[in-house]
Amino acid sequence: MAETMVAEVMAELAELEDPKIREVNERHGDDHGVNLGKLRALAKRLKTQQELACRLWETDDTAAKLLAILICRPKAFERDQLDVMVREARTPKVHDWLVNYVVKKHPQSEELRLAWSADPDPVVASAGWALTTERVTKKPEGLDLEGLLDVIEAEMKDAPDRLQWAMNHCLAQIGIEHAEHRARALDIGERLEVLKDYPTPPNCTSPFAPIWITEMVRRQHDK
């Protein structure tokens, strides 16, 4: 029954494939051509199915992995399963969704945060930094924010792209959420100039930390 279900879902994903969407996604390193709105609609119809989610993940197809993330039960995974999965999450979208929709809801997310932050694989380390950013924003008690800024100051400039992006996000959130560290966060951003020239569409905030921090703080004050 499970094999039939997997085959049916894979056939439906194949029907949703759009070459134009794939072309756009591949520019960002995501090798799938499924409209995410239609993918979410399919997930809503399938509802939560942990066994199917695990089978879809094993296909190693990016659209199937994204669907698996949407229909899984985050707390049903073992910690070691999530460690394997984050290493198998080859594309940015799968990696991002796995961290945000699954790992952040897992009871052992803090253990994974600590382990991944020290991992030699920069993509795995970026997952650790994403979890750290979540704590900076929502649960900063017990975090050494000065220590995080020390690491960012020393390592962000030369970090690989995905790790650099995650560290930069953490830098920005420290500056946005913690006024006592804002001056230093702004200074680090100004000196390192990471993402300073990143092409930003109109009506979007630049990911350059000093601009990002200043804009978000302004919005908080305007509320």
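Note that this is a predicted model, so its numbers are computed, not measured.

(A) A look at helix α5 (residues 62-71). Most of α5 sits inside the fold, with nine of its 10 residues counted as buried. Listed as buried for α5 are Thr62, Ala63, Ala64, Lys65, Leu66, Leu67, Ala68, Ile69 and Ile71. Summarising the contacts, the buried residues of α5 are in contact with α1 (2-16), α3 (36-46), α4 (50-58), α6 (79-88) and α7 (92-102). You can read the cap of α5 off the contacts: a side-chain oxygen lies 3.2 Å from the backbone nitrogen of Ala63, and it is on Asp61.

(B) Summary view of the packing of α4 against α5. α5 packs onto α4 with a crossing angle of 160 degrees between their chain directions and a minimal axis gap of 8 Å. If you check the angle between α4 and α5, you find them roughly antiparallel. Where α4 crosses over α5, the handedness of that crossing is left-handed. From α4, Gln50, Leu52, Ala53, Leu56 and Trp57 reach across to α5, where they touch Ala64, Lys65, Leu67, Ala68, Ile69 and Ile71. Across the contact of α4 with α5, the residue classes break down as nine nonpolar, one polar and one charged.

(C) Region of interest: the pattern of salt bridges. Counting across every chain of the model gives 25 salt bridges. A salt bridge links Arg79 to Glu111; the nearest nitrogen and oxygen atoms lie 3.3 Å apart. Of the two residues, Arg79 is situated in helix α6 and Glu111 in helix α8 (residues 109-117); the sequence distance between them amounts to 32 residues. By relative accessible area, Glu111 is classed as partly exposed at 40%. The residue Asp150 makes a salt bridge to Arg184 at a minimum N-O spacing of 2.6 Å. Highlighted residues: Asp150 in helix α10 (residues 145-155) and Arg184 in helix α12 (residues 182-192), separated in sequence by 34 residues. By relative accessible area, Asp150 is classed as partly exposed at 43%.

(D) Geometry of the domain arrangement of the protein chain. For the protein chain, the assigned domains read domain 1 (1-106) and domain 2 (109-222). Of note, the centres of domain 1 and domain 2, computed from C-alpha atoms alone, are 27 Å apart. Residue-level contacts link 14 residues of domain 1 with 14 residues of domain 2. Each partner contributes to the roughly 1200 Å² buried at the junction of domain 1 and domain 2, and carbon and sulfur atoms together form 60% of this total. Area buried by domain 1 at its contact with domain 2 is led by Arg79, His95 and Lys104, which between them contribute 41% of it. Inspection of the domain 1/domain 2 interface yields three salt bridges.

(E) Broad picture of the packing of aromatic side chains. If you walk through the whole model with that rule in mind, you get two aromatic pairs. Measuring from centroid to centroid gives 5.3 Å for Trp97 and Tyr101, while their planes differ by 40 degrees, and the two rings are tilted. Placement of both Trp97 and Tyr101 in helix α7 is noted, with a separation of four residues, approximately one turn of the helix. Residue Trp97 is classed as buried on the basis of its relative accessible area of 3%. Look at Tyr101 and you get partly exposed, because its relative accessible area is 27%. Cation over ring: Lys65 sits above Trp57, and NZ or CZ is 4.5 Å from the ring centre.

(F) Seen up close, the environment of Ser109. Tracing the chain through its elements places Ser109 in helix α8. We classify Ser109 as buried; its relative accessible area is 18%. Expressed as a C-alpha distance, the spacing of Ser109 and His32, which sit 77 residues apart in the sequence, is 28 Å. With near-sequence residues (within four places) excluded, Ser109 lies in contact with Val103, Lys104 and Leu131.

How each quantity is defined
- Residues numbered from 1 in each chain as written.
- Predicted model: local features only at pLDDT ≥ 70, side-chain atom pairs only at ≥ 80, totals over all residues.
- Heavy atoms only, no water.
- Buried < 20%, exposed > 50% of the residue type's maximum accessible area, 1.4 Å probe, protein only.
- Helix = DSSP H or I, 4+ residues; strand = E, 2+ residues; numbered from the N terminus.
- Contact = heavy atoms within 4.5 Å.
- Polar contact = N/O pair within 3.5 Å; in protein donor to acceptor, adjacent residues only side chain to side chain.
- Axes fitted to C-alpha atoms, helices over the stretch in contact; angles between N-to-C directions.
- Parallel < 35°, antiparallel > 145°, perpendicular 65-115°, else oblique.
- Left-handed = near helix turned anticlockwise from the far one by under 90°.
- Nonpolar A, V, L, I, M, F, W, Y, C, P; charged D, E, K, R; others polar.
- Salt bridge = Lys/Arg side-chain N within 4 Å of Asp/Glu carboxyl O.
- Domains from an automatic or database assignment.
- Buried area = accessible area lost by both parts, 1.4 Å probe.
- Phe/Tyr/Trp six-rings, centres within 6.5 Å; stacked < 30°, edge-to-face > 60°.
- Lys NZ or Arg CZ within 6 Å of the ring centre and 35° of its normal.

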